[in-house]
Amino acid sequence: MSEAESCIVVEKIGGTSMAQFEVVLNNVIKRPASPCRGRVVVVSAYGGITNLLLCHKKTGEPGIFEKFRQGGDVRPQVEKLRARMLAINEGFYPLGLDPQISTSFIEDRLQGAMTFLDRVSEVLAFGYVERDGIMQAVREMIASIGEAHSAFNSAEILKANVIPAQFVDLSGWHDKQELSINERIEKSLGSVDLDQKIAVVTGYCKGTEGIMSAYDRGYSEVTFSRIAV
């Protein structure tokens, strides 16, 4: 097997491009086949979603995390996010995104996030824990919802267009294993047959070192780089 035939292409799609996924599908995903045997596509959250999850990068308007950090009621922020996510999904129905499956995914993540926040609030109320560390973990979990949403949708759209694809969730959702970023990448991608499927991967990756602690909101570029390495 030649070097070209054994290589794996790793690509990154930013949030602005993700919002125009039909263009991505037709001009990136469906482009002429590469001689490489495998393909990994790392995706960011749709444009504006991370602002709703954390806080607006320019105006400072609180999103879910910032409102929670301030001790406020996050339900208005959650409803605003839900409405935006559902509107994004609706725009992709003509591309083959299944309304029921994609809506269920959103509801599962948001309900899980609310349950998590409720439990964290209970723990913090006792006052015996180090608040900053817990808040960093909350911020990471909340941020991961954006990339999980876009990666899940993308894999579903590819499959609807008869393009073999597999959603690879590096967010560690409901995964209690303590893995480093590199270990999680290796474990998750190790389950994908790259000879047969395109791996659609979340730009957020959960790791024991905390990817946002070091790289803040530029974490998707780090995930992309780590996967490529």
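Note that the coordinates shown come from a computational prediction; the quantities given were computed from them, not determined experimentally.

Attention now moves to the overall build of the protein chain. Looking only at helices and strands, the protein chain features 11 helices and four strands. Taken along its principal axes, the extent of the C-alpha atoms in the protein chain is 60 × 35 × 30 Å. Put simply, the protein chain has 229 residues, and 47% of those count as buried. Long-range contacts, defined here as pairs at least 24 residues apart, represent 73% of the contacts in the protein chain between residues at least 6 apart. Split by element, the accessible area of the protein chain, about 11,500 Å² in all, is 52% carbon and sulfur. Between the mean site of the 25 positive side-chain charges and the mean site of the 29 negative ones, the protein chain shows a separation of 3 Å.

The next thing to look at is the packing of helix α9 (residues 181-189) against helix α11 (residues 219-228). Geometrically, a packed helix pair is captured by the angle between its two axes and the distance between the axes. At a closest axis distance of 10 Å, the pairing of α9 and α11 adopts a crossing angle of 65°. Classified by chirality, the crossing of α11 by α9 is right-handed. The segment α9 lies against α11, with I181, N182, I185 and L189 engaging T223, R226 and I227. Grouping the constituent residues of the contact of α9 with α11 by class yields four nonpolar, two polar and one charged.

Moving on: a nonpolar patch on the surface. Taken together, the side chains of V123, F126, Y128 and V129 define a hydrophobic patch exposed on the protein surface, amounting to about 480 Å² of accessible area. Within the secondary structure, Y128 is located in the loop between α7 (99-126) and α8 (131-160).

Next up on the list: the sheet that holds strand β2 (residues 38-43). Taken together, four strands build an open sheet; the order of strands is β1-β2-β4-β3 and the sheet is parallel. Edge positions in the open sheet fall to β1 (8-13) and β3 (165-168), since each of these has one partner strand only. If you compare each strand with its neighbour and ignore which way they point, the axes differ by 20° on average. Lying over the sheet, α11 contacts β1, β2 and β4 (198-202), oriented at roughly 175° with respect to β1.

What follows covers the nonpolar core. One finds F21, I49, I142, L158, V201 and I227 to be the most contacted residues of the largest nonpolar core, which totals 66 residues. No other element matches α8, which puts 10 residues into this core. When sequence neighbours within four positions are dropped, the list of residues in contact with I49 reads L81, R84, M85, I88 and G146.

Another aspect to go through is the environment of I101. Positionally, I101 belongs in helix α7. The spacing of I101 and E156 is 55 residues in sequence and 9.0 Å in space, taken between C-alpha atoms.

This brings us to the packing of helix α6 (residues 75-92) against α8. Running from N to C, α6 and α8 point in directions that differ by 15°, and their axes come no closer than 12 Å. In terms of axis orientation, α6 runs roughly parallel to α8. Relative to α8, α6 is oriented so that their crossing is right-handed. Every residue of α8 that contacts α6 at M85, I88, N89 and F92 is listed here: I145, H149, N153 and I157. For the contact of α6 with α8, the residue count by class is five nonpolar, three polar and no charged.

About the criteria used
Residues numbered from 1 in each chain as written. Predicted model: local features only at pLDDT ≥ 70, side-chain atom pairs only at ≥ 80, totals over all residues. Heavy atoms only, no water. Helix = DSSP H or I, 4+ residues; strand = E, 2+ residues; numbered from the N terminus. Buried < 20%, exposed > 50% of the residue type's maximum accessible area, 1.4 Å probe, protein only. Contact = heavy atoms within 4.5 Å. Areas by Shrake-Rupley, 256 points an atom, 1.4 Å probe, with all protein chains shown as cover. Lys, Arg positive; Asp, Glu negative; His and termini not counted. Charge placed at Lys NZ, Arg CZ, Asp CG, Glu CD. Axes fitted to C-alpha atoms, helices over the stretch in contact; angles between N-to-C directions. Left-handed = near helix turned anticlockwise from the far one by under 90°. Nonpolar A, V, L, I, M, F, W, Y, C, P; charged D, E, K, R; others polar. Patch = residues over 30% accessible without salt bridge, like charges linked within 9 Å, V, L, I, M, F, W, Y side chains within 5 Å. Salt bridge = Lys/Arg side-chain N within 4 Å of Asp/Glu carboxyl O. Pairing = 2+ DSSP bridges. Core = buried A, V, L, I, M, F, W, Y, C linked by side-chain atoms within 4.5 Å. Parallel < 35°, antiparallel > 145°, perpendicular 65-115°, else oblique.

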